[in-house]
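Structure at a glance
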Amino acid sequence: MSDIPVVFPKDPQWQGEGTHHIPFWAYTDKDVYKKELERLFYHGHSCYVGREAESPNPGDFKRTLIGERSVILTRDLEGGINVVENVCAHRGMQFCRERHGNKKELVCPYHQWNYSLKGDLQGVPFLRGVKQNGKVLGGFPKDFKTSENGLNKLKVAVRGGVVFASFDHDVESFEDYIGPEILQYFDRLFNGRKLTILGYNRQNIPGNWKLM
């Protein structure tokens, strides 16, 4: 009787040379997937997050994902485009649950930390504590600075109305990232013409990015 091939080896090794045949474990191994997230989504890459047309007005926002990390694309009150991580700087809560909408500020419902649409911390409840019986109870240390406790801001690139963002602020420019040859095709398709978002068509698929 012939040996049954092992589909999910305990110590996976790439067999043979080249990449024309990809072993099944490469699609499902958890350690490989973690490396892919770090290498392809969190470092050295600019990732698509949306279109300017999805947030046309000051205060508009859209929630989406880069890898497995939740991010928010915002149009601030001055009209600028920002992308911030959807994680409160206080307790790490994903505070934005709506897919899109319009807000003047971003507020975490857990402890009411208040951020601007650019991701700057604007206010903290009971920053100086509460006075009771002549004493001050609670509050933050005197050296606490709101300017140092904002949301995680991503590096943003906008071209032809398309928004890209990166957790890696040392990433090369978007133009250098995709190169002159692909840039020609990109500019031919995304030439900056004004678009209107008619709606969304979503599919939930039990798999990671390699399936798509």
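Since this is a predicted model, take the numbers as computed values, not measurements.

**Details of the layout of surface pockets**
By volume, the largest pocket is sized at about 1000 Å³. Lining the largest pocket are 27 residues; nearest its centre among them are Thr64, Leu65, Arg99, Arg202 and Gln203. Of all the secondary-structure elements, those providing two or more residues to the lining of the largest pocket are helix 2 (30-42), strand 1 (47-51) and strand 2 (60-66). For the lining of the largest pocket, the leading source of residues is strand 2, giving five residues. Residue classes in the lining of the largest pocket are distributed as 13 nonpolar, eight polar and six charged.

**Observations regarding unusual backbone geometry**
One non-glycine residue, glutamine 112, adopts positive backbone phi at about 65°. For glutamine 112, the location among the structural elements is in the loop between strand 6 (106-107) and strand 7 (114-115). A relative accessible area of 44% places glutamine 112 in the partly exposed class.

**Focus on the environment of lysine 62**
Note on placement: lysine 62 falls in strand 2. Residue class for lysine 62 comes out buried when judged on its relative accessible area of 12%. Taking the C-alpha atoms as reference points, lysine 62 and glutamate 98, 36 residues apart in sequence, are found 8.1 Å from one another. Those residues within four positions of lysine 62 in sequence are excluded, and the remaining contacts are Val49, Gly50, Glu54, Ser55, Val71, Ile72, Leu73, Arg99 and His100. Polar contacts involving the side chain of lysine 62 include one to the side chain of glutamate 54, which spans 3.2 Å.

**Let's talk about the pairing of strand 12 (residues 162-166)**
The side chains of a regular strand alternate between both faces of the sheet. Burial analysis of strand 12 places five of its five residues in the buried class, the great majority of the element. Where burial is concerned, the two faces of strand 12 agree: the one with Val162, Phe164 and Ser166 and the one with Val163 and Ala165 are both buried. Where strand 11 (residues 155-159) meets strand 12, five bridges bridge the pair, whose relative direction is antiparallel. Among the inter-strand pairings, valine 158 is bridged to a residue of strand 12, identified as valine 163.

Rules of the game
- Residues numbered from 1 in each chain as written.
- Predicted model: local features only at pLDDT ≥ 70, side-chain atom pairs only at ≥ 80, totals over all residues.
- Heavy atoms only, no water.
- 1 Å grid on protein atoms, 1.4 Å probe; cavity = no way out; pocket = protein on both sides within 12 Å on 5 of 7 lines; lining within 4 Å.
- Points joined across faces, edges and corners; volume = space filled by probe spheres on them.
- Helix = DSSP H or I, 4+ residues; strand = E, 2+ residues; numbered from the N terminus.
- Nonpolar A, V, L, I, M, F, W, Y, C, P; charged D, E, K, R; others polar.
- Buried < 20%, exposed > 50% of the residue type's maximum accessible area, 1.4 Å probe, protein only.
- Contact = heavy atoms within 4.5 Å.
- Polar contact = N/O pair within 3.5 Å; in protein donor to acceptor, adjacent residues only side chain to side chain.
- Pairing = 2+ DSSP bridges.

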